[in-house]
Amino acid sequence: KKYVYFFGKGRAEGDASMKQLLGGKGANLAEMVRLGVPVPPGFTISTEVCKYYYDHGKTYPEELKDQVLKAMKELEEATGKVFGSPENPLLVSVRSGAAVSMPGMMDTILNLGLNDETVEGMIKSTNNPRFCYDAYRRFMQMFGDVVLNIKHEYFEEELNKVKTEKGVKLDTDLDADDLKKVVERYKEVYKKAGHKFPQDPWDQLWKAIDAVFGSWMNERAIKYRELNGIKEGSLLGTAVNVVAMVFGNMGEDSGTGVAFTRDPNTGEKKYYGEYLPNAQGEDVVAGIRTPYPLTKLEEMMPDVYKQLLDIFEKLEKHYRDMQDIEFTIERGKLYLLQTRTGKRTPFAAVRIAVDMAEEGLITKEEAIMRVSPDHIETLLHPYFEPETKKNASLLAKGIAASPGAATGIIVFDPAEAERMVKEENKQVILVRPETSPEDIAGMAAAEGILTSTGGKTSHAAVVARGMGKPCIVGCEAIEVDEKAGVIRIDGKEIKEFSWLSIDGTTGEVFDGKLATVKPQGLEGPLAKILQWADEIRKLGVRTNADTPRDATVARNFGAEGIGLCRTEHMFFEEERIPVVRQMIVAKTKEQREIALEKLLPMQQEDFVGLFKAMEGYPVTIRLLDPPLHEFLPKEDEDIKALAEEMGLSYEELKATVEELHEFNPMMGHRGCRLSITYPEIAVMQTKAIIGAAIQVLKEEGKTVIPEIMIPLVGHINELKYLKKIITETADKMIEEAGVDLQYKVGTMIEIPRAALTADEIATEAEFFSFGTNDLTQMTFGFSRDDYGKFVKEYIEKGILEVDPFQKLDRTGVGQLVKMGTEKGRSTRPNLKVGICGEHGGEPSSIEFCHITGLDYVSCSPYRVPVARLAAAQAAI
Ligand code: PEP
Ligand code: MG
């Protein structure tokens, strides 16, 4: 079996397609040779050997030795040097390289092949004793550190001693004899550590190969794979690249550099990089000397610079993507040491994708696939300045509920938060165990919201997303002690009003005030890529919006209608909450009608705003669906005030509130159940919707497409009952107004029974919208407000791969969506089907909706651009 792949002298056994086998570095070195790019010759030991190594108690396949010997022979021929020769020695580097790049995680050894004899040979061929002894001592140091785990400091100590003895400060002040002395001292360091420095180059080589394969399983590398979601077993292991050394530190006509073919920060089409004359790669990485910008090379070596630019062009054209390149110049001769697809900021990712498509280098489809939904998400929200974030103190991690970075002082009381922002111009992070509708003003005033309980679909999460505010929920590690005025994390106390920073994109909570970067709007390349996405996608993209303001934001982001207006959210405003409460606690129909009478004009006015904002696109308005506990007054003062307003005694009202208490509010008296027990609510809401539609139609002559949606239906008779009330009310109004107004009555599918009987339900429902928040809750039997307590463990223990409220569970909940859609269309072939649970804005769930043949997804306004892209990606 073939384990070793040679490259050099215009011939390569591997190519770029062999990344799994040769690692990214090895595959690209081979490819560059094929392209005629100057690369120092070498060979790659395949990742299969790494797998074999671990599967067979750290031993190698029998054939390997001979294959390495043979490759070394070829390498000697290619370089005209001989490994271990005292006359003209060949030196090599030994480096790791897996299929996925893991920068800095694994081991590298340079100058291998040096010993007491070969160093003399090297001096003969270079005529530079100082340089050769410096290479020798560097090799000893690296080999000791990497292969034998001898502490780096021991070598540094000896080096420093020699400098002190000579009375100099810099390495460069040491001459050949000094460095020779250093080499002798290093041998002592080896001895003290219980080792002997191996003089035999073959011995050195095999030990180095062992070390590189061994580093695949070092802690750093394992952690890196874990953090970057690289699954154990998805890669065979690392390859080992043995490459002839070239030296960038052979004088002023030598040097080393790194370059990107485009600016990785802005995406601008201009070469970007750094160059350090008379240096080796490690000197650039170590940051001891400050490199020049790449353009400096043009002054120093114009011919080499030109050659380099030609290579940039060639590589970018060939790989059809921005390249990240390492090169070395040895005495005026250029060598490429590596090329790979360059990492880039989200901003650059979008710009490069669009530019390359416009340059004709890639197709529009490829451009769309190269931008990730996360990129768009980041670009639309503020984020922490990456350097600051790296050094910040991480306090805890919660559920990332609404993206973006926010920083402010900790405030517990929403009213206080609102006041401090308005009157004192403070920046505030609202920190609470959970939030409820009366906190809305405080939430709106805050920069961000952090709760210690709740999940992705809890009140705080849903509302924050709607507002486009960073929010973390279910951060169980944080204990909020309002009385003591502190939060406690891991035994650490942080006082109210001290600075806190939260990253709603990742769920991270940081101590102190981190610098944030402002987002850009939907313009430039971002607008362009989304425009291309719109041409390609099959799914419609609507928004979940409850206020004209949110609706306008969503329209500007490209929403094609409203897929869900949660009418109960329209009552979150301060002056409306008491009226809603009146309606909820009303004992009699008369009492309720008094409250409804007050609510009607408020709602109608909002609906007018929504219809106008949506400019003729459909607007799906859902009948009231309030989980009662979110609306019931909790504080005594609120109960008193409400009692007074309603002419009741405090005791009477308190008793009613207690009566209305539910043990399981999310499965309680909400949704259609409420309007079925109190039909006057459905009547009022229909009046407000149809009244608003007639008004907009008359005033502006614009098309209005109201879709009235009934929530939490599980049985066709629930739908029948309410539909009758709605159509009677609506038809009468339309007839009286003498207008031509089309409207639809449809239902949410969010109870498993509704999905199971969708064929029956579709005989009444004119459209479906999957409420996958409740559908997930009821299919799993996980309370959407309480599952945060255990979901983390479920994921850690591998019971669930991801939070099912975040990413639609295709095998379970997804089957209900599929079945519901198919059954529904079996009795009503042109049935419009959408999704409006939080999954409607999540890329993998969007892909599932595309595959399942839904007509549209609906998501919060700030996710609309993400959904447009994800829908296009699903269609490619
Ligand atoms: C749902 O259940 O998925 C839904 C959209 O409704 P809500 O979150 O308001 O219950
Ligand atoms: Mg629901």
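A quick note: this is a predicted structure, and the numbers were derived from the prediction, not measured.

**Q** Help me understand the overall build of the chain, please; the structure alone is not making it clear to me.
**A** In terms of regular secondary structure, the chain is built from 36 helices and 34 strands. Across its three principal directions, the C-alpha atoms of the chain cover 105 × 60 × 55 Å. In the chain, buried positions account for 53% of the 876 residues. Counted over contacts in the chain with a minimum sequence separation of 6, partners at least 24 positions apart contribute 68%.

**Q** For this particular structure, what's the right way to read the sheet that holds strand β7 (residues 108-112)?
**A** Two orientations exist for strands paired in a sheet by backbone hydrogen bonds: parallel and antiparallel. Reading across from one edge, β2-β1-β3-β8-β6-β7 is the order of the six strands in this open sheet, with antiparallel pairing throughout. The two strands at the open ends of the sheet, each matched to only one other strand, are β2 (11-12) and β7. Bridge analysis of strand β3 (residues 42-45) against strand β8 (residues 238-244) gives four bridges, and the strand direction is antiparallel. Bridge pairing links G42 to V243 in β8. Here helix α3 (residues 64-79) sits on the sheet in contact with β1 (4-8), β3 and β8, set at roughly 5° to β1.

**Q** Quick question: what am I supposed to make of helix α34 (residues 813-827) here?
**A** Residues spaced three or four apart along an α-helix point in a common direction, a consequence of the helix completing one turn every 3.6 residues. If you check α34, its first and last C-alpha atoms are 22 Å apart, about what 15 residues at 1.5 Å a residue would give, namely 21 Å. Those residues of α34 that sit buried are V813, G814, L816, V817, G820, T821, K823 and G824.

**Q** What's the story with the site of ligand 1 in this structure? I'm lost.
**A** Around ligand 1, the neighbouring residues are T457, L564, R566, D625, E750, G771, T772, N773, D774, C836 and G837. Elements supplying a minimum of two residues to the shell around ligand 1: β28 (562-566) and α32 (772-780). Take the shell around ligand 1: its biggest share by element is three residues, from α32. Residue composition of the shell around ligand 1, grouped by class: two nonpolar, five polar and four charged.

**Q** Got a minute to help me understand the pairing of strand β21 (residues 478-481) in this structure?
**A** A regular strand carries its side chains on alternate faces of the sheet. Residues of β21 alternate between two faces, with I478 and V480 buried on one and E479 and D481 left unburied on the opposite face. Across four bridges, the pairing between β21 and strand β22 (residues 486-489) is antiparallel. Its bridge partner lying in β22, E479 is registered against R488. Following β21, the chain reverses through four residues before pairing antiparallel with β22; G485 in that reversal takes a positive phi of roughly 70°.

**Q** Would you take a moment to explain the packing of helix α5 (residues 129-148) against helix α7 (residues 176-192) for this structure?
**A** The geometry of a pair of packed helices is captured by two quantities: the angle between their axes and the separation between those axes. The N-to-C vectors of α5 and α7 enclose an angle of 20°; their axes lie 8 Å apart at closest approach. In this view, α5 runs roughly parallel relative to α7, as classed from their interaxial angle. The handedness of the crossing between α5 and α7 is left-handed. Counted together, P129, R130, Y133, D134, Y136, R137, M140, Q141 and G144 of α5 and A176, L179, K180, V182, V183, Y186, V189 and Y190 of α7 form the full contact between these two elements. Tallied by class, residues from the contact of α5 with α7 come to 11 nonpolar, two polar and four charged.

**Q** Looking at this model, I keep getting lost on the domain arrangement of the chain. Mind explaining?
**A** By a widespread convention, an interface's size corresponds to the accessible area lost as its parts come together. Domain boundaries in the chain define domain 1 (4-245), domain 2 (246-344), domain 3 (382-517) and domain 4 (537-875). Computed over C-alpha atoms only, the centres of domain 1 and domain 4 are separated by 63 Å.

**Q** For this particular structure, what's the right way to read the sheet that holds strand β30 (residues 705-710)?
**A** Taking strand neighbours around the barrel as the criterion, the eight strands line up as β27-β28-β29-β30-β31-β32-β33-β34 in a closed arrangement whose pairing is parallel. On average, adjacent strands in this sheet sit at an angle of 25° to one another, irrespective of strand direction. Here strand β32 (residues 767-770) runs beside strand β33 (residues 832-835); their pairing, made up of four bridges, is parallel. Looking at the pairing, F767 lines up with K832 of β33.

**Q** Sorry if this is basic, but what is going on with unusual backbone geometry here?
**A** Excluding glycine, residues mostly have negative phi values, and the peptide bonds linking residues are mostly trans. At N127, a residue that is not glycine, the phi angle is positive and equals roughly 60°. Mapped onto the secondary structure, N127 falls in the loop between α4 (118-126) and α5. With 9 C-beta atoms counted inside 10 Å, the residue N127 sits in the exposed group. The residue N149 is not glycine, and still its phi comes out positive at about 60°. One can find N149 in the loop between α5 and α6 (152-166). Overall, the presence of 10 C-beta atoms within 10 Å leaves N149 in the exposed class.

**Q** What is the right way to look at the packing of helix α13 (residues 346-358) against helix α15 (residues 373-380) in this model?
**A** Remark: α13 packs on α15, axes separated minimally by 8 Å, with the N-to-C direction vectors making an angle of 120°. Overall, the two elements α13 and α15 adopt an arrangement that is oblique. Where α13 crosses over α15, the two elements pack in a sense that is left-handed. In contact with P346, F347, A349 and V350 of α13, α15 contributes H375, T378 and L379. Grouping the constituent residues of the contact of α13 with α15 by class yields five nonpolar, two polar and no charged.

**Q** Please clarify how helix α21 (residues 548-556) should be interpreted in this entry.
**A** Turning to α21, its buried residues number three or more, namely D550, A551, V553, A554 and R555. Buried residues along α21 sit in contact with α19 (459-467), β27 (540-544), β28, α23 (589-613) and α36 (864-875). Of the residues flanking the end of α21, it is G558, one or two places downstream, whose phi is positive at about 100°.

**Q** Just checking my understanding: could you explain the UniProt feature "active site" (unreviewed entry) in the chain for this structure?
**A** In this numbering, the UniProt entry assigns the feature "active site" (unreviewed entry) to H459 and C836. For H459, the position within the fold is in helix α19. When neighbours within four sequence positions are excluded, H459 is seen to be in contact with E434, T435, S436 and E630. As for its position among the elements, C836 is in the loop between β33 and α35 (843-852). Setting aside residues up to four positions removed in sequence, C836 forms contacts with N544, G563, L564, S769, G771 and S858.

**Q** What am I meant to see in the environment of A595 here?
**A** By the secondary structure assignment, A595 is in helix α23. Its 23 C-beta neighbours within 10 Å are what place A595 among the buried residues. Considering only alpha carbons, one finds A595 and P519, 76 residues apart in sequence, at a separation of 43 Å. Excluding anything up to four places from it in sequence, A595 contacts V579, Q582, M583 and A586.

**Q** Where do I start with the nonpolar core in this structure?
**A** When a protein is soluble and globular, its nonpolar side chains tend to lie buried together. In this structure, A353, I429, I472, I529, F611 and V857 are the most contacted members of the largest nonpolar core, which totals 262 residues. Residues within four places of A353 in sequence aside, it is in contact with A367, R370, V371 and I529.

**Q** Looking at this structure, I do not really get the UniProt feature "domain: Pyruvate phosphate dikinase AMP/ATP-binding" (unreviewed entry) in the chain. What am I missing?
**A** Listed under "domain: Pyruvate phosphate dikinase AMP/ATP-binding" (unreviewed entry) in the UniProt record, and renumbered for this structure, are residues 20-57, 59-291 and 305-359. Counting secondary structure, residues 20-57 comes out at 63% helix and 11% strand; the distance between its end C-alpha atoms is 22 Å. Structurally, residues 305-359 is divided into 51% helix and 31% strand, and its ends, taken at the C-alpha atoms, are 24 Å apart.

**Q** Is there a simple way to think about the pairing of β8 in this case?
**A** Summarising burial for β8: seven of the seven residues are buried, a large majority. Neither face of β8 is exposed, since T238, V240, V242 and A244 on one face and A239, N241 and V243 on the opposite face are all buried. Here strand β6 (residues 92-98) runs beside β8; their pairing, made up of seven bridges, is antiparallel. Residue pairing for β8: V94 is matched across the bridge by V242.

**Q** Help me understand the environment of I494, please; the structure alone is not making it clear to me.
**A** With respect to the helices and strands, the residue I494 is situated in strand β23 (residues 492-495). For I494, a count of 19 C-beta atoms within 10 Å puts it in the partly exposed group. Considered as a pair, I494 and Y617 are 123 residues apart in the sequence and their alpha carbons are 49 Å apart.

Each value, and the rule that gives it
Residues numbered from 1 in each chain as written. Chains lettered and ligands numbered in written order. Predicted model: local features only at pLDDT ≥ 70, side-chain atom pairs only at ≥ 80, totals over all residues. Helix = DSSP H or I, 4+ residues; strand = E, 2+ residues; numbered from the N terminus. Buried ≥ 20, exposed ≤ 12 C-beta atoms within 10 Å, placed from the backbone. Contact = placed C-beta atoms within 7 Å. Pairing = 2+ DSSP bridges. Axes fitted to C-alpha atoms, helices over the stretch in contact; angles between N-to-C directions. Expected span 1.5 Å × (residues − 1). Near = placed C-beta within 6 Å. Nonpolar A, V, L, I, M, F, W, Y, C, P; charged D, E, K, R; others polar. Parallel < 35°, antiparallel > 145°, perpendicular 65-115°, else oblique. Left-handed = near helix turned anticlockwise from the far one by under 90°. Domains from an automatic or database assignment. UniProt positions renumbered as here; feature names shortened; annotations may be inferred. Core = buried A, V, L, I, M, F, W, Y, C linked by C-beta atoms within 7 Å.

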